[in-house]
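Fold and geometry: a report
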Amino acid sequence: EEIEGEGPLWNSIKRQLYRPEVTHVKRLVGESLISKNRSMWEELNALRQIMTDFEQQNDERSERMRKQMLFCGSQHRDLLRRQAAILAEDIRTQAEACGHVLEDLLPECRDAGLRE
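The rules behind each value
Residues numbered from 1 in each chain as written. Predicted model: local features only at pLDDT ≥ 70, side-chain atom pairs only at ≥ 80, totals over all residues. Heavy atoms only, no water. Helix = DSSP H or I, 4+ residues; strand = E, 2+ residues; numbered from the N terminus. Buried < 20%, exposed > 50% of the residue type's maximum accessible area, 1.4 Å probe, protein only. Salt bridge = Lys/Arg side-chain N within 4 Å of Asp/Glu carboxyl O.

To continue, consider the environment of leucine 105. Assignment of secondary structure puts leucine 105 in helix H4 (residues 102–105). For leucine 105, a relative accessible area of 49% corresponds to the partly exposed category. Counting along the chain gives 13 residues from leucine 105 to arginine 92, while the straight-line C-alpha distance between them is 9.0 Å.

What follows is the structure, given as structure tokens:
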């Protein structure tokens, strides 16, 4: 698909010529050169499409990776929180067995944000 205002050079030249001049100028330029120019333009458009497809696939993969990282991160955080709660409960039990409260041994536990 040609982009507006772009395209094979011959198309641009042809639009600027009077109708009777087209055949003469085409002969001077050479059909081979015009054909090569058209082939190169088609290849350029194909490469543009490949790049567009690649960018789209890359964006989709990046988004999937981002979501996967968020999911794994949240699973890992949940596991760490459960482990911390188990450890805190174990320390609390041991502290109470010795006649103390957990907060005496770990003052950080007084912070409500850490207890959650």
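Next comes the rest of the description.
Right, let's talk about the pattern of salt bridges for a bit. Under the counting rule described, the total for this entry stands at 4 salt bridges. As a salt-bridge pair, lysine 26 and glutamate 31 come within 3.4 Å of each other at their nearest N and O atoms. On the accessibility criterion, lysine 26 (31% relative accessible area) is partly exposed. Assessed through its relative accessible area of 45%, glutamate 31 is described here as partly exposed. With its nearest N and O atoms 3.7 Å apart, the salt bridge here joins arginine 92 to glutamate 89. With arginine 92 and glutamate 89 both in helix H3 (residues 31–97) and 3 residues apart, this pair spans about one turn of that helix.

Remember, this is a structural readout, not a statement about activity or role.
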